[in-house]
Amino acid sequence: MNENISCNQSKCLYCGGCVPICPRNSITLRETRIEIDDSCNRCLLCLRICPVGALEVLEAKA
Amino acid sequence: MREYDIVVVGAGPAGSMAAMEAAKQGASVLIIEKRQEAGSPVRCAEGVGKEGLLKTGIKIDNRWIANEVKGAKLIAPNRITVELSSEHAGNEVGFVLERKIFDRYLLCEAARCGADVMMKSSALGVIKDENGIKGIEVESSDGVHRIESKVVIACDGRESKVARSAGIDTKLKLKDTESCAEYLMVNVDYDKDFTHFYVGQCYAPGGYVWIFPKGDGIANVGIGVLGSKIGKRTGYPKELLDRFIKNNREFEAAKIVEHMSGTVPVALPLEKTYIDGLLIAGDAAHLTDPITGGGIINAMVSGKLAGSVAAKHVYEHTELSEYEKLWKKELESALIRDYIMKERFVNMSDNTLNLIADSLKDYRFSDLGMGGIIDAIKEKHPELMSELEGLI
Ligand SMILES: Cc1cc2nc3c(=O)[nH]c(=O)nc-3n(C[C@H](O)[C@H](O)[C@H](O)COP(=O)(O)OP(=O)(O)OC[C@H]3O[C@@H](n4cnc5c(N)ncnc54)[C@H](O)[C@@H]3O)c2cc1C
Ligand code: SF4
Ligand code: SF4
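These numbers come from a predicted model, not from an experiment.

**Q** Residues and numbers for the overall build of chain B, please.
**A** If you tally the helices and strands in chain B, you get 10 helices and 18 strands. On C-alpha atoms alone, chain B measures out to a radius of gyration of 21 Å, which is about the 21 Å that the 2.2 N^0.38 rule sets for 392 residues. Its C-alpha atoms put chain B at 65 × 45 × 40 Å along the principal axes. Expressed as a percentage of its 392 residues, the buried residues of chain B come to 59%. Expressed as a percentage of contacts within chain B between residues at least 6 apart in sequence, the contacts between residues at least 24 apart total 70%. Entry remark: accessible area of chain B is about 16500 Å², with carbon and sulfur atoms responsible for 49%. Side-chain charges in chain B split into 50 positive and 58 negative, and the spacing between the mean points of these groups amounts to 3 Å.

**Q** If you had to explain the overall build of chain A to someone new, which residues and values would you point to?
**A** When its secondary structure is counted, chain A shows 1 helix and 4 strands. Its helices and strands in sequence order give chain A the pattern β-β-β-α-β, from N to C terminus. Relative to the compact-globule value of 11 Å for 62 residues, chain A shows a C-alpha radius of gyration of 11 Å, a close match. Per-residue burial for chain A yields a buried fraction of 45% across its 62 residues. Of the contacts made within chain A by residues no fewer than 6 positions apart, 56% connect residues no fewer than 24 positions apart.

**Q** Tell me what's going on with the packing of aromatic side chains, and back it up with residues and numbers.
**A** Residues and elements named next belong to chain B. For the structure on display, the rule yields 10 aromatic pairs over all chains. Relative to Phe-212, the ring of Trp-210 lies with its centre 6.5 Å away and its plane at 50°, an arrangement referred to as tilted. With respect to burial, Trp-210 and Phe-212 carry one shared label: buried. Counting every residue linked through ring pairs, the aromatic cluster contains Phe-197, Tyr-208, Trp-210 and Phe-212. Over the ring of Phe-194 we find Lys-73, and its NZ or CZ is 4.6 Å from the ring centre. Over the ring of Tyr-274 we find Lys-272; its NZ or CZ atom is 4.4 Å from the centre of that ring.

**Q** Which residues make up the sheet that holds strand β7 (residues 94-97) of chain B, and what values go with them?
**A** Residue and element names in this part refer to chain B. Strand order in this open sheet of 3 strands is β3-β7-β4, and the pairing throughout is antiparallel. Edge positions in the sheet fall to β3 (47-49) and β4 (65-68), since each of these pairs with one other strand and no more. Going across the sheet, the axis of each strand differs from the next one's by a mean of 30°, ignoring polarity. Here β3 pairs with β7 via 3 bridges, running antiparallel. Its bridge partner being in β7, Gly-47 is matched across the sheet by Val-96.

**Q** Could you give an account of the interface of chain B and chain A, naming the residues involved and the relevant values?
**A** Of the residues lining the interface, 32 residues belong to chain B; the matching set on chain A comes to 25 residues. Buried surface at the junction of chain B and chain A, both sides included, amounts to about 2300 Å², of which 54% is carbon and sulfur. Area buried by chain B at its contact with chain A is led by Lys161(B), Arg164(B) and Leu174(B), which between them contribute 25% of it. Seen at the junction of chain B and chain A, the total is 2 salt bridges. In this structure, Glu139(B) engages Arg30(A) in a salt bridge whose closest nitrogen and oxygen atoms are separated by 3.0 Å. For the pair chain B and chain A, the interface holds 16 residue pairs in polar contact (both at pLDDT 80 or more). Every element with two or more residues in the side of chain B that touches chain A is listed here: α5 (161-165), β12 (177-186), α6 (237-247) and β16 (255-265) of chain B. Looking at the side of chain B that touches chain A element by element, the count peaks at 5 residues for β16(B). When grouped by side-chain class, the residues that make up the side of chain B that touches chain A number 10 nonpolar, 10 polar and 12 charged.

**Q** Summarise the site of ligand 3; cite the residues concerned and give the values.
**A** Around ligand 3 sit Ile5(A), Cys22(A), Pro23(A), Ile27(A), Ile36(A), Cys40(A), Asn41(A), Arg42(A), Cys43(A), Leu44(A) and Cys46(A), and those are all the residues in its vicinity. Considered class by class, the residues forming the shell around ligand 3 number 9 nonpolar, 1 polar and 1 charged.

**Q** Before we move on, can you summarise the nonpolar core with the specific residues and values?
**A** Residue and element names in this part refer to chain B. Grouped together as the largest cluster of nonpolar side chains are 75 residues, with contacts concentrated most on Ile-6, Ile-136 and Ile-153. Per-element tally for this core: the top contributor is helix α7 (residues 296-316), with 11 residues. The residues contacting Ile-136, other than those within four sequence positions of it, are Val-7, Val-9, Ile-32, Ala-123, Gly-125, Val-126, Ile-127, His-145, Arg-146, Ile-147, Val-152 and Val-162. Grouped together as the second largest cluster of nonpolar side chains are 31 residues, Val-82, Val-199, Leu-226 and Ala-357 included.

So, how was this worked out
Residues numbered from 1 in each chain as written. Chains lettered and ligands numbered in written order. Predicted model: local features only at pLDDT ≥ 70, side-chain atom pairs only at ≥ 80, totals over all residues. Heavy atoms only, no water. Helix = DSSP H or I, 4+ residues; strand = E, 2+ residues; numbered from the N terminus. Rg over C-alpha atoms; globule rule 2.2 N^0.38 Å. Buried < 20%, exposed > 50% of the residue type's maximum accessible area, 1.4 Å probe, protein only. Contact = heavy atoms within 4.5 Å. Areas by Shrake-Rupley, 256 points an atom, 1.4 Å probe, with all protein chains shown as cover. Lys, Arg positive; Asp, Glu negative; His and termini not counted. Charge placed at Lys NZ, Arg CZ, Asp CG, Glu CD. Phe/Tyr/Trp six-rings, centres within 6.5 Å; stacked < 30°, edge-to-face > 60°. Lys NZ or Arg CZ within 6 Å of the ring centre and 35° of its normal. Pairing = 2+ DSSP bridges. Axes fitted to C-alpha atoms, helices over the stretch in contact; angles between N-to-C directions. Buried area = accessible area lost by both parts, 1.4 Å probe. Salt bridge = Lys/Arg side-chain N within 4 Å of Asp/Glu carboxyl O. Polar contact = N/O pair within 3.5 Å; in protein donor to acceptor, adjacent residues only side chain to side chain. Nonpolar A, V, L, I, M, F, W, Y, C, P; charged D, E, K, R; others polar. Near = heavy atom within 4 Å. Core = buried A, V, L, I, M, F, W, Y, C linked by side-chain atoms within 4.5 Å.

If you want it as structure tokens, here you go:
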């Protein structure tokens, strides 16, 4: 699992809208759950496209 | 290991049409859908043109028509309303569908024509060797399977991961993607005979707000905002939609009964929609109309062509490239024209939209035609002509 982005399940409507925006193909919609793998490079494009603001940046580890 | 002539991924309008057509022509077909039911949850405003729907060859069935509309109303930032009859309003005007029923109906038709169906099964990626695509890897409740086929048809919608697994770039740019939030609402005070489009940066930066009436005070109420225009200052589309609903009296007594979201490609079509053993149709190939965001009919048209060419490839060794030629003949010129128009529209100022609306408010589009529109603008606001050059 990636340490960059998390999906807030209480907001996400599992529309898959973020999937094709990701330049690294890190996002997969597994029916009702968004999974982000560790190829994510924190470009944050997915945060900008999500219609309901469900994606959040995780604080970088110290 | 199982084997089919053709495997279709995705049971949306593109996939079901592809499977239906290929099965009709006698091919052995499997359709794979990752959701547990087709068409649900809905990610659509459900508007289609009547002409377009008839062109797909599907028999119109009242079970999936919620409402029929006479035209569209475009509402400018200054609230001046311009009325379009359905011939001019394009892809989204005519019927408002019930996609939960419509998508399931198309899937049932495909199955009736002989296609096998695997629900709750996700395509993980294509199987390929040096000669091209050989089938697909699928995960279902009982594990991962390899399914061989002569042709895979990728109809997996905007996610478009199947083509991506085959090495085709299906990424979307922010500037070519509308981010959409939508509610199904009840007790909306509207004119049931018209779809309503609120157009202007003040409503929806680089997009529009829609009210698509489904009858009995029920409506799809949604917003599309261009990805590149969303930022901390604008807020995300759902917040903008909430604000719109709060500020408009049509919604005083209205209640939300369903939440929806989605994104729409408003891009140019993929540069390549086939490779050896693979065809790509519908949203997966970015065949949505870039101005209206309507994609149901283009998905059906391209899906049907893909199914037909795939079956001919199996039986008569027709080249798969034939598919690209055929969909381009049907759809390409309008898609390119509307992409150019969209590039201009998304940056059009509210002032310009207000003046256009002011020029046209005393006419009905059905009486005008394109030449008449230009004349009307020229007469009232000649200063707009240079800005609109090449657009109308
Ligand atoms: C908010 C919104 C409003 C819209 N309004 C309109 C409108 O009013 N009129 C209009 O014409 N169009 C509209 N559209 C566009 C329209 O919904 C799409 O163009 C249309 O659904 C495209 O059909 P499709 O078959 O290509 O893809 P989809 O309908 O998206 O179907 C793709 C299917 O593939 C499945 N799938 C995806 N990945 C996999 C996988 N790996 N394995 C198995 N299955 C998979 C999905 O679950 C889905 O069922 C709207 C879109 C949005 C987001
Ligand atoms: S775009 Fe947002 S709502 Fe849609 S699947 Fe991605 S995180 Fe969820
Ligand atoms: S931050 Fe960028 S790389 Fe990471 S998941 Fe989002 S879009 Fe992909």
